[in-house]
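Descriptive analysis of the structure
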Amino acid sequence: MATFELSPEVRWSDQDLLGHVNNARMITLIEECRVRWMHEIRAGHITGGGLLVARQTIDYLVPVMYGPELKMTVTVKKLGNSSFTVNTRGDQDGRQVFDHDCVLVHIDRDSQKPTPLTPELRAVFEPYLQD
């Protein structure tokens, strides 16, 4: 299984009053990772930008802290008819700190309705599909 890894810069200003990275900022960092992965695999060129973030879930296992490197790893959890689920795992100091799933729906840009994933999209995502 292929993976995409990114270590985003966690800034001091990303912290909240409790001294760990704010939960809203975490979603932004995860989004940045997902967008960079999609750009690297050229998925945006295949979809024509017709993707809708339908659902996101995140399980925080321990607080994400400012300072130690945060490594994010992207895989594809599921391929459906018109949707796919991207999983982003976060690790810091040798342990998993969060698990994030994002369901993206392929939509027709004109009608704004779901449309089946094309064979080209499936071919790009399949190497990242979890076992």
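Named according to an unreviewed UniProt entry, the chain is Thioesterase originating from Brevibacterium sediminis.

**Observations regarding the overall build of the chain**
A count of helical and extended segments in the chain gives three helices and five strands. What you see in the chain, going N to C, is helices and strands ordered as β-α-α-β-β-β-β-α. What you see for the chain is a C-alpha radius of gyration of 15 Å, in line with the 14 Å of a compact globule of 131 residues. With the principal axes as the frame, the chain shows a C-alpha extent of 45 × 30 × 20 Å. Expressed as a percentage of its 131 residues, the buried residues of the chain come to 37%.

**Considering the sheet that holds strand S2 (residues 51–60)**
Strand order in this open sheet of five strands is S1-S3-S4-S5-S2, and the pairing throughout is antiparallel. Each having just a single partner strand, strand S1 (4–6) and S2 make up the two edges of the open sheet. Mean inter-strand twist for the sheet, computed between neighbouring axes without regard to direction, equals 20°. Direction of pairing for strand S3 (residues 70–79) relative to strand S4 (residues 83–92): antiparallel, over a ladder of nine bridges. Paired with Leu70 across the strands is Gln92, a residue of S4.

**Some points on the packing of aromatic side chains**
As enumerated under the stated definition, the model contains three aromatic pairs in all. Here Trp37 and Tyr128 contribute two aromatic rings whose centre-to-centre distance is 5.4 Å and whose plane-to-plane angle is 80°, an arrangement assigned as edge-to-face. With Trp37 in helix H1 (residues 23–40) and Tyr128 in the segment after helix H3 (119–125), the pair connects residues that are 91 residues apart, well separated along the chain. Through a chain of ring-to-ring contacts, three or more aromatic side chains come together here, namely Trp37, Phe84, Phe125 and Tyr128.

**Looking at the side chain of Gln92**
Structurally, Gln92 is set in strand S4. Every residue in contact with Gln92, bar those within four places of it in the chain, is listed here: Pro63, Val64, Met65, Pro68, Glu69, Leu70 and Val97.

**Observations concerning unusual backbone geometry**
Glycine aside, a negative phi is what most residues show, and trans is what most peptide bonds show. Despite not being glycine, Arg42 has its phi angle at roughly 65°, a positive value. Within the fold, Arg42 resides in the loop between H1 and helix H2 (43–47). In this structure, Gln112 takes a positive phi of about 65° despite not being glycine. As for its placement among the helices and strands, Gln112 is situated in the loop between strand S5 (95–106) and H3.

**As for the nonpolar core**
Core analysis: the largest hydrophobic core is formed by 29 residues, its most contacted members being Met26, Trp37, Leu70, Met72, Phe84, Phe98 and Phe125. Counting residues per element, the ones that place at least two in this core are S1, H1, S3, S4, S5 and H3. Of the residues forming this core, the biggest block, six residues, is contributed by H1.

**Notes on the pattern of salt bridges**
In total, this model carries six salt bridges according to the counting rule given. Lys71 is the partner of Glu5 in a salt bridge, and the nearest nitrogen-oxygen pair spans 3.8 Å. Taken together, the residues span a long stretch of sequence, with Glu5 in strand S1 and Lys71 in strand S3 at a distance of 66 residues. The exposure class assigned to Glu5 is partly exposed, which follows from its relative accessible area of 45%. Residue Arg36 is joined to Glu32 by a salt bridge in which the shortest nitrogen-to-oxygen separation is 2.7 Å.

Calculation notes
- Residues numbered from 1 in each chain as written.
- Predicted model: local features only at pLDDT ≥ 70, side-chain atom pairs only at ≥ 80, totals over all residues.
- Heavy atoms only, no water.
- Helix = DSSP H or I, 4+ residues; strand = E, 2+ residues; numbered from the N terminus.
- Rg over C-alpha atoms; globule rule 2.2 N^0.38 Å.
- Buried < 20%, exposed > 50% of the residue type's maximum accessible area, 1.4 Å probe, protein only.
- Pairing = 2+ DSSP bridges.
- Axes fitted to C-alpha atoms, helices over the stretch in contact; angles between N-to-C directions.
- Phe/Tyr/Trp six-rings, centres within 6.5 Å; stacked < 30°, edge-to-face > 60°.
- Contact = heavy atoms within 4.5 Å.
- Core = buried A, V, L, I, M, F, W, Y, C linked by side-chain atoms within 4.5 Å.
- Salt bridge = Lys/Arg side-chain N within 4 Å of Asp/Glu carboxyl O.

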